[in-house]
Amino acid sequence: MGEQLTDEEIVRQVVARAVWAPSVHNTQPWLFTTDGPRLRLYADPGRRLAVADPDGREMMISCGAALFTVRLALRSLGYVPQTRVLPDPGQPALVAQVSWRDRAAPGELERQLSGHVLIRRTHRGAFDPEPLPANALAALSDAAARQGAALRIVADDGQRAALAAAVQTAEHELRRDSERLRELARWTPAPGSARGDGVPATSYPARAERTLPYFPGRDFARGHGWGMPPLSPATAHRVAGVAALLTTSADRPADWVNAGQALQRITLTASVCGAAVALHSQPLELPWLREFLRAQLSEGAFPHLVLRVGLVTQVSLSVRRDLGDLLFPASPPAAGQATLPVLQPGEDFVQLS
Ligand SMILES: Cc1cc2nc3c(=O)[nH]c(=O)nc-3n(C[C@H](O)[C@H](O)[C@H](O)COP(=O)(O)O)c2cc1C
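Residues numbered from 1 in each chain as written. Predicted model: local features only at pLDDT ≥ 70, side-chain atom pairs only at ≥ 80, totals over all residues. Heavy atoms only, no water.

**A short note on the site of the ligand**
As a reminder, the rule being used: Summary of the distance rule: residues count as near a molecule or strand when at least one heavy atom falls within 4 Å of that molecule or strand. Polar contacts here mean pairs of N or O atoms no more than 3.5 Å apart (in protein, one a potential hydrogen donor and the other a potential acceptor; neighbouring residues in sequence count only if both atoms are side-chain atoms). Computed with the Shrake-Rupley method and a 1.4 Å probe, the accessible areas treat only the protein chains shown as cover for residues. Helix numbering and strand numbering both begin at the N terminus, where a helix is a DSSP run of H or I of at least 4 residues and a strand a DSSP run of E of at least 2. Only Asp, Glu, Lys and Arg are considered charged, only Ala, Val, Leu, Ile, Met, Phe, Trp, Tyr, Cys and Pro nonpolar, and every remaining residue, Gly among them, polar.
Neighbouring the ligand are 22 residues; Arg 121, Thr 122, Arg 124, Ser 281 and Arg 320 lie closest to it. In this structure, an oxygen atom belonging to the ligand sits 2.5 Å away from a side-chain N or O atom of Thr 122. Side-chain polar atom of Ser 281 to a nitrogen atom of the ligand: 2.7 Å apart, as the coordinates give it. If the ligand stood free it would expose 620 Å²; the protein chains cover 98% of that surface. Among the secondary structure elements, those contributing two or more residues to the shell around the ligand are α2 (57-76) and β8 (276-280). Per-element accounting of the shell around the ligand gives the leading share, three residues, to α2. Each residue belonging to the shell around the ligand can be placed in one class, and the counts come to seven nonpolar, nine polar and six charged.

Have a look at this one:
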């Protein structure tokens, strides 16, 4: 089961892995505090997408993905996590409290999933035409169910076309909305940026790859021509992959956390199967399209994300913030003040000595 680590060493190893969870626009909307054998995971409302995510649903999904990674990392170190989700109604930003005392060797599945935390990447674009390995879809659906969510595979051609049309319509709307564009711009740094958050140009293709049906990606480059060149000349045979909706039966913050835990378990399971996952949250950010998907494609369950799963050679690179910006002893700093120095009136730039 490995050597005995101090609580501090455990916390650093666990949080260093948790930050590699997926988050909307790579906002990494989380903070961790620690005292002894206990971690608290807080949502950081200062990193919420105020325009796209007014209720904080995507923020809580992102935190749920980090929570699953915390639990998995503890298991991989041979500890048994005890988790309380949203333990204090008086502190809605306190997503979870995780403590550990008992030890047990990790199982094979935990070991495998854990081995993919650092190498999993969100895919953007088309997939190779080869089918997924047998049983992969069953494993992904099981991964969602075990975290209190459901992965609904949209296999019927008509429904797949409707789902793609919803993503197209949403993307079209989002590109016409100047407030949303301004918000997206804040999370899409230029190539070469030293930032540890946001969606870097090393993580999306420079040119959209058309598939049938077409699930357009977000406009991270915003007309600047940023992004990665294609790996090889485009072939006519690239496909959209298996399309699915991630849903929960209710729509409370606890369900959003479940959806996030399920999301990370799904993406890691896919990675173990040699597959990658593309995410589209565009139609879920527009209430009328979310309602359309709920009524037409998910039998009344609440949809959170459109997923596409397939095989592909990935070259995408992402970034993360330093632990010093998000891991604190005992109590967290006030929301939004974790990393931003306060400017005095009339002061334009922070002095960087
Ligand atoms: C709630 C949520 C919504 C997301 N929506 C999209 C999306 O619409 N388009 C996209 O390309 N990626 C989406 N992502 C993926 C993030 O952009 C990605 O996790 C982040 O940039 C970090 O990159 P990585 O997953 O490769 O580590 C979403 C992730 C989450 C958790």
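**Examining the pairing of strand β2 (residues 38-43)**
Here is the rule we go by: To sort residues, take the accessible area from a 1.4 Å probe on protein chains only and compare it with the maximum for the residue type: under 20% means buried, over 50% means exposed, and anything in between is partly exposed. Following DSSP output, two strands are said to pair if at least two bridges run between them.
For β2, the tally of buried residues reaches five of six residues, placing the bulk of the element in the interior. Note that strand β1 (residues 30-34) and β2 share five bridges and pair antiparallel. Looking at the pairing, Phe 32 lines up with Leu 41 of β2. Joining the antiparallel neighbours β1 and β2 is a turn of three residues, in which Gly 36 adopts a positive phi near 65 degrees. As paired strands, β2 and strand β4 (residues 94-103) are joined by five bridges and run antiparallel to one another. Each bridged residue has a counterpart across the sheet, and for Arg 40 the counterpart in β4 is Gln 97.

**What about the sheet that holds strand β6 (residues 150-153)?**
Pairing is mixed in the open sheet, where five strands are placed in the order β5-β8-β9-β7-β6. Each edge of the sheet is formed by a strand with only one pairing partner; in this case those strands are β5 (122-123) and β6.

**Let's talk about the nonpolar core**
Going by this rule: Take the buried Ala, Val, Leu, Ile, Met, Phe, Trp, Tyr and Cys residues and link them wherever side-chain atoms come within 4.5 Å; each set so joined is a nonpolar core. Here, two residues are considered to be in contact whenever any of their heavy atoms come within 4.5 Å of each other.
In this structure, Val 15, Trp 30, Phe 32, Leu 39 and Leu 246 are the most contacted members of the largest nonpolar core, which totals 54 residues. For this core, the element with the most residues is α2, which contributes ten residues. Apart from the residues within four sequence positions on either side, Leu 39 is in contact with Val 11, Val 14, Val 15, Phe 32, Thr 33, Thr 34, Val 70, Ala 96, Gln 97, Val 98, Trp 100 and Leu 327. Counting residues in hydrophobic clusters, the runner-up holds 17 residues, among them Ala 170, Phe 215, Leu 245 and Leu 293.

**Notes on the sheet that holds β1**
For clarity, the cut-off: Axis lines are fitted to C-alpha atoms, over the contacting stretch for helices. Their N-to-C directions set the angle, which ranges from 0 to 180 degrees.
The five strands lie next to each other as β3-β4-β2-β1-β10, forming an open sheet whose pairing is mixed. Where the open sheet ends on each side, the last strands, each with one partner, are β3 (79-85) and β10 (327-329). Across the sheet, the mean angle separating the axes of adjacent strands is 25 degrees when strand polarity is ignored. Seen against the sheet, helix α1 (residues 7-18) touches β1, β2, β3, β4 and β10 and runs at an angle of roughly 170 degrees to β1. Those strands touched by α2 are β1, β2, β3 and β4, and its axis lies near 155 degrees from that of β3.

**Here we look at the packing of helix α4 (residues 136-145) against helix α7 (residues 253-272)**
Just so we agree on the cut-off: Orientation is classified from the angle alone, with under 35 degrees giving roughly parallel, over 145 giving roughly antiparallel, 65 to 115 giving roughly perpendicular, and any other angle giving oblique. By definition, any crossing whose near helix is turned counterclockwise from its far helix by less than a right angle is left-handed, and any crossing with a clockwise turn is right-handed.
One way to put it is that α4 packs onto α7 with a least axis distance of 8 Å and a crossing angle of 155 degrees. With respect to α7, the axis of α4 lies roughly antiparallel. The crossing of α4 and α7 is right-handed. Along its contact with α4, which presents Ala 139, Leu 140, Ala 143 and Ala 144, the element α7 presents Ala 262, Arg 265, Ile 266, Thr 269 and Ala 270. Of the residues belonging to the contact of α4 with α7, the class tally is seven nonpolar, one polar and one charged.

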